[in-house]
Amino acid sequence: MSGGHNEDLFARARRAMPGGVSSPVRAYGSVGGTPRFLESAHGAYVVDADGREYVDLIASWGPAILGHAHPEVIEAVTDAAARGLSFGASTPAETLLAEEISGRVAAVERVRFVSTGTEATMTAVRLARGVTGRDLIVKFSGHYHGHSDGLLAQAGSGVATLALPGSAGVPEAIAAQTIVVPYNDPAAIAEVFARHPGRIAAVIVEAAAANMGVVAPEPGFNALLAQTCHDNGALLILDEVLTGFRVGPAGYWGVQQQTGETYAPDLFTYGKVIGGGLPVAAVAGRAEVMDLLAPVGPVYQAGTLSGNPVAVAAGLATLRRADAAVYAALDATSAALQAEVGAALEREGVPHVIQTAGNLFSVFWGAPVAGGVPDYETATRQESFRYAAFFHEMLAQGVSLPPSAFEAWFVTASHDADALSRIAAALPAAARAAASATP
Ligand SMILES: Cc1ncc(COP(=O)(O)O)c(C=O)c1O
């Protein structure tokens, strides 16, 4: 289908910016076609440059938990902006936001605000190295922690393989400090610690993986990581940039606590929802670890716009509004949507599996993954071409899905019966497109 005005905007954008985008996935590289240029958004909907309205299942990749342009958030932002955009000094609201976070997450005593999830994980890694005096970091294949050099390392070929750079421009010496292991594999963790005694500063893990499609940790896996780290003098960094305050009031860690899986990460990283759509992210954790950060301790970290008053106002208004009713609505909407999608695909005989982590979910396509996806290697074997066909048919019918099979689908508290029925109406044709798609 023609992108109309979007075509011209994309052509012009490509002359002005690499790939025409400010972040690669927006370019529709993995589904093809012309990205929609958005002009506005309200509630569960986004509106493109042709004036077409779409039910939005991206939600700004997570932050828009209440729905777009929520009146209470807009009012808070407008009030804050009228009092000045940035002071480069402390504000009372920062402390309120830090208290809101530590009030929700019992394991958090101190919070340091930054502007992006990338900065949060980068800072957490530096802090772990500062605390332990060690260099090596362990991450999992298929887990995304932002684009700092040391965390871009992708899948190593086997257990404890020293990773190759996952991006051009990452010095080998830096990539060599990151060891990539398969997810949900306790033996791989035991082996990596056995192979590098006394050298691992931290394990960093998404609280539930949601950047290779949604792959929840196996029961006990996160607790095992915490135990193994602590037995070996390393720190566990639980990356909740995506899951934090979206899947529950205390993030995925809180969901796990409630289901009886108790463990204590040393550091948490947050982003997305805590800024309510403006740039706020954070590293958080126990006082004795966090107080190694400057100015109290020797681990340096700083930011001109960190704790920006307008962004903090958006985050505070969002979190204060995100009460039990909001989380219940997100859970119910997500479950209803999963049921609709599953039924539509089943009617057309499209082999698939829907995986969840709290209210996050994604669809894996094709028979090879029908038994479930525990890790990245399995995730990459899915039939992504079916998703491209499905995606474009949904888009043509006014539903905006993430432009990659490897992304989670995001609902908001504004997705009401009307939004869900618009999605349901689009599903049969999209499921047919997925069924007849060829590689
Ligand atoms: C789990 C996780 N960590 C870190 C990041 C990086 O956050 P940002 O894009 O704000 O730099 C992301 C972004 O999607 C993420 O999903």
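Predicted model, so just to flag it, every value in this text is computed and none were measured.

(A) View of the site of the ligand. In the vicinity of the ligand, the residues found are T116, G117, T118, Y144, H145, G146, E206, N211, D239, V241, L242 and K272. G117 is positioned with one of its backbone polar atoms (N or O) 2.8 Å from an oxygen atom of the ligand. One nitrogen or oxygen atom from the side chain of N211 is found 3.0 Å from an oxygen atom belonging to the ligand. Protein contact buries 82% of the 390 Å² of open area that the ligand shows by itself. Residue composition of the shell around the ligand, by class: three nonpolar, six polar and three charged.

(B) Representation of the sheet that holds strand β2 (residues 45-48) within the structure. Reading across the sheet, the four strands line up as β1-β2-β3-β14 and stay open at both edges, with mixed pairing between neighbours. On the outer flanks of this sheet lie β1 (38-42) and β14 (399-400), each paired with one strand and no other.

(C) The pairing of β1, seen in detail. When β1 meets β2, the two strands line up antiparallel, connected through four bridges. When the bridges of β2 are listed, A41 appears paired with V46. The turn joining β1 and β2, which pair antiparallel and follow one another in sequence, is formed by two residues; a positive phi near 55 degrees is taken by G43.

(D) Representation of the UniProt feature "modified residue: N6-(pyridoxal phosphate)lysine" (unreviewed entry) in the protein in the model. Mapped onto the present numbering, the UniProt feature "modified residue: N6-(pyridoxal phosphate)lysine" (unreviewed entry) falls at K272. With respect to the helices and strands, the residue K272 is situated in the loop between β10 (267-270) and β11 (281-285). With residues near it in sequence (within four places) discarded, K272 still touches W61, G62, P63, V241, L242, G277 and V280.

(E) Structural context of the layout of surface pockets. The computed volume of the second largest pocket comes to approximately 490 Å³. Listing elements by their share of the lining of the second largest pocket, those giving two or more residues are α3 (92-104) and β4 (110-114). Top element by residues in the lining of the second largest pocket is α3. It accounts for four residues. Here the lining of the second largest pocket is composed, by residue class, of 10 nonpolar, 11 polar and three charged.

(F) Summary view of the environment of H42. Structurally, H42 can be placed in strand β1. In this structure, the C-alpha to C-alpha distance between H42 and V55, residues 13 residues apart in sequence, is 10.0 Å. Setting aside anything within four residues of it in sequence, one finds H42 in contact with V47, E53 and H68. Among the polar contacts made by the side chain of H42, one reaches the side chain of E53 at a distance of 3.0 Å.

(G) Just the side chain of E94, in detail. Position of E94 among the secondary structure elements: in helix α3. As a buried residue without a salt bridge, E94 has its nearest oppositely charged side chain in R112, at a separation of 7.7 Å. Here T91 takes part through its backbone nitrogen, which lies 2.8 Å from a polar atom of the side chain of E94. Each residue touching E94, except ones within four places of it in the same chain, is listed here: A89, F113, G307 and V312.

(H) Just the packing of helix α6 (residues 186-195) against helix α7 (residues 221-231), in detail. Where α6 contacts α7, the axes come no closer than 11 Å and their chain directions differ by 10 degrees. Taken together, α6 and α7 sit at an angle that is classed as roughly parallel. Counted together, P186, I189 and F193 of α6 and F221, L224, L225, T228 and C229 of α7 form the full contact between these two elements. Residues belonging to the contact of α6 with α7 are distributed by class as follows: seven nonpolar, one polar and no charged.

(I) Summary view of unusual backbone geometry. In this structure, the amide linkage connecting A294 to the following residue, P295, adopts the cis form with an omega of 10 degrees. Note that P295 resides in the loop between α9 (287-290) and α10 (309-321). Phi at S60 is positive, roughly 60 degrees, even though this residue is not glycine. Summarising the element assignment, S60 is placed in the loop between β3 (53-56) and α2 (71-82). In this structure, N184 is a non-glycine residue whose phi angle is positive, near 60 degrees. Relative to the helices and strands, N184 resides in the loop between β7 (178-181) and α6.

(J) Broad picture of the pairing of β10. Burial of β10 is two-sided: the residues L267 and T269 facing one way and the residues F268 and Y270 facing the other way are all buried. Across three bridges, strand β9 (residues 235-239) lies against β10 in parallel orientation. When the sheet's bridge partners are listed, L238 is paired in β10 with F268. A crossover links β9 with its parallel partner β10, the connecting element being helix α8 (residues 251-258), and its sense is right-handed. In terms of strand pairing, β10 meets β11 through four bridges, oriented antiparallel. Paired with F268 across the strands is A284, a residue of β11.

Reading the values: the criteria
- Residues numbered from 1 in each chain as written.
- Predicted model: local features only at pLDDT ≥ 70, side-chain atom pairs only at ≥ 80, totals over all residues.
- Heavy atoms only, no water.
- Near = heavy atom within 4 Å.
- Polar contact = N/O pair within 3.5 Å; in protein donor to acceptor, adjacent residues only side chain to side chain.
- Areas by Shrake-Rupley, 256 points an atom, 1.4 Å probe, with all protein chains shown as cover.
- Nonpolar A, V, L, I, M, F, W, Y, C, P; charged D, E, K, R; others polar.
- Pairing = 2+ DSSP bridges.
- Helix = DSSP H or I, 4+ residues; strand = E, 2+ residues; numbered from the N terminus.
- UniProt positions renumbered as here; feature names shortened; annotations may be inferred.
- Contact = heavy atoms within 4.5 Å.
- 1 Å grid on protein atoms, 1.4 Å probe; cavity = no way out; pocket = protein on both sides within 12 Å on 5 of 7 lines; lining within 4 Å.
- Points joined across faces, edges and corners; volume = space filled by probe spheres on them.
- Buried < 20%, exposed > 50% of the residue type's maximum accessible area, 1.4 Å probe, protein only.
- Lys, Arg positive; Asp, Glu negative; His and termini not counted.
- Salt bridge = Lys/Arg side-chain N within 4 Å of Asp/Glu carboxyl O.
- Axes fitted to C-alpha atoms, helices over the stretch in contact; angles between N-to-C directions.
- Parallel < 35°, antiparallel > 145°, perpendicular 65-115°, else oblique.
- Right-handed = clockwise from strand over helix to strand, strands pointing away.

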